[in-house]
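Analysis of the macromolecular model
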Amino acid sequence: MIETIPGNLYDHPKYYELVFGSDWRAEYHFLRACFERYATGRVRRVFEPACGTGRLLVKLAQAGFAVGGNDLNPAAVKYCNARLVRLGFPPTAVVGDMADFKLKQKADAAFNMINSFRHLPTHELALAHLQCMADALRKGGIYLLGLHLTPTACEPMQEEGWAARRGNLAVLSRMWTKNLDLRRRQETVGMQFDVYTPTRVFRLTDTIQFRTYTRRQMDELLRAVPNLELIATHDFAYDIEKPIKVNGSTEDVVYVLKKN
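The text that follows walks through the structure, step by step, so that each part is easy to find.

About the criteria used
Residues numbered from 1 in each chain as written. Predicted model: local features only at pLDDT ≥ 70, side-chain atom pairs only at ≥ 80, totals over all residues. Heavy atoms only, no water. Pairing = 2+ DSSP bridges. Helix = DSSP H or I, 4+ residues; strand = E, 2+ residues; numbered from the N terminus. Axes fitted to C-alpha atoms, helices over the stretch in contact; angles between N-to-C directions. Contact = heavy atoms within 4.5 Å. Salt bridge = Lys/Arg side-chain N within 4 Å of Asp/Glu carboxyl O. Buried < 20%, exposed > 50% of the residue type's maximum accessible area, 1.4 Å probe, protein only. Phe/Tyr/Trp six-rings, centres within 6.5 Å; stacked < 30°, edge-to-face > 60°. Lys NZ or Arg CZ within 6 Å of the ring centre and 35° of its normal. Parallel < 35°, antiparallel > 145°, perpendicular 65-115°, else oblique. Left-handed = near helix turned anticlockwise from the far one by under 90°. Nonpolar A, V, L, I, M, F, W, Y, C, P; charged D, E, K, R; others polar.

1. As for the sheet that holds strand S10 (residues 201-211)
If you walk across this open sheet you meet the five strands as S1-S10-S9-S8-S7, and the pairing is mixed. Each edge of the sheet is formed by a strand with only one pairing partner; in this case those strands are strand S1 (3-6) and strand S7 (159-166). Strand-to-strand twist in this sheet, taken as the mean axis angle between neighbours without regard to direction, amounts to 20 degrees. As defined by bridge partners, S7 adjoins strand S8 (residues 169-181) across eight bridges and the pair is classed as antiparallel. When the sheet's bridge partners are listed, Trp 162 is paired in S8 with Ser 173. Sitting on the sheet, helix H1 (residues 13-21) touches S7, S8, strand S9 (186-196) and S10, and the angle it makes with S8 is about 85 degrees.

Below is the structure:
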């Protein structure tokens, strides 16, 4: 019987980073292509709300960008800053709320790529986040917002899994929908990491609440922030040459928003 440890998966940044940080290349190259194609002027300073372990911030810092981020989880922020410092960069991640922050210096570009936006449980907080992002960007800057929509023309995906290994450490992850309440716009998601080390095997489990968005609901939300203009949409194939048109069957979307 595998040892099971319930709790917050974000409190275990080492394993979270291994699962979600091992496949960074496609997102990284897509971000840089978007900076060049969609932002007005050169992108030098980038910001990530809900940055977690900073898997992409670190790569961008190594490429010469000035990076910063915030996250509510102190363990994730500590892990992110330790990585930055170890590589010779300043510890620029801070503990902070993605729906209530101000930057001392405006960013040229910002990104939130894997559903963290959906942790915001209400329309008011989602709107506050988008306004914070608009205020954080200089004119002509862009915000790349990636999330899973709830499709209306087909059944939504119910389960995903990943596997990652680094040396003698391996993690198998699983995420599945426990309950979907479209009236209340709540999706209850189970997550688990099965962790394999040379001396121990154990399972970390968590339950997460996401706010749901259909295509129409997301469009209505974005229209409520007039100083962020939707200029393109892509899917999670991260192909800069293949923008998509979002419809009732679309689930994975990266919205490209530009500060006007």
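Still to come is the rest of the account.
2. Here's the deal with the pattern of salt bridges
For the coordinates displayed, the defined rule picks out 10 salt bridges. Residue Arg 55 pairs with Glu 27 through a salt bridge whose shortest N-O separation is 2.8 Å. A residue pair is termed long-range when its members are at least 10 positions apart, and Arg 55 in helix H3 (residues 55-62) and Glu 27 in helix H2 (residues 25-38) qualify at 28 residues. For the residue pair Arg 55 and Glu 27, the accessibility class agrees, reading buried in each case. Between Arg 215 and Asp 219 there is a salt bridge, with the nearest N and O atoms lying 3.4 Å from each other. Of this pair, Arg 215 and Asp 219 both sit in helix H6 (residues 215-223), separated by four residues, roughly a single helical turn. By relative accessible area, which is 21% here, Asp 219 ends up partly exposed.

3. With respect to the packing of aromatic side chains
Tallied over the full model, the rule gives 11 aromatic pairs. A centroid spacing of 5.7 Å and a plane angle of 65 degrees characterise the contact between Phe 35 and Phe 65, whose relative ring orientation is edge-to-face. With Phe 35 in helix H2 and Phe 65 in the loop between H3 and strand S3 (66-71), this residue pair connects regions lying 30 residues apart in the sequence. With relative accessibility at 4%, the residue Phe 35 sits in the buried group. Through pairs of rings, three or more aromatic residues link up here, namely Tyr 10, Tyr 16, Phe 20, Trp 162 and Phe 193. Against the face of Trp 176 rests Arg 174, its NZ or CZ located 3.9 Å from the ring centre. Over the ring of Tyr 213 we find Arg 185, and its NZ or CZ is 4.9 Å from the ring centre.

4. Describing the environment of His 148
Structurally, the position occupied by His 148 is in strand S6 (residues 137-148). We classify His 148 as buried; its relative accessible area is 16%. When the C-alpha atoms of His 148 and Asn 115 are compared, they prove to be 6.5 Å apart, with 33 residues separating the residues in sequence. Those residues in contact with His 148 that lie beyond four places of it in its chain are Asn 115, Arg 118, Glu 160, Phe 236, Glu 251 and Asp 252.

5. Observations regarding the packing of H2 against H3
Remark: H2 packs on H3, axes separated minimally by 10 Å, with the N-to-C direction vectors making an angle of 60 degrees. Relative to H3, the element H2 is oriented oblique. Like other packed secondary-structure pairs, H2 and H3 cross with a definite hand, here right-handed. On the side of H2, the interface is formed by Glu 27, Tyr 28, Leu 31, Arg 32 and Phe 35, while H3 contributes Arg 55, Leu 56, Lys 59 and Leu 60. Of the residues that constitute the contact of H2 with H3, the class distribution is five nonpolar, no polar and four charged.

6. Description of the sheet that holds S3
Taken in spatial order, the seven strands make up an open sheet running S4-S3-S2-S5-S6-S12-S11, and their pairing is mixed. Two strands in the sheet have a free side with no partner beyond their single neighbour: strand S4 (93-95) and strand S11 (228-234). Pairs of neighbouring strands in the sheet enclose a mean axial angle of 20 degrees, with direction left out of account. Two strands pair when backbone bridges link them, and strand S5 (residues 107-112) and S6 are joined in this way by five bridges, in the parallel orientation. Looking across to S6, one finds that Ala 110 is bridged to Tyr 143. Where helix H4 (residues 74-86) meets the sheet, it contacts S3 and S4, and its direction lies at approximately 160 degrees from that of S4. With respect to the sheet, helix H5 (residues 123-136) is in contact with strand S2 (45-49), S5, S6, S11 and strand S12 (252-259), its orientation differing from that of S6 by roughly 145 degrees.

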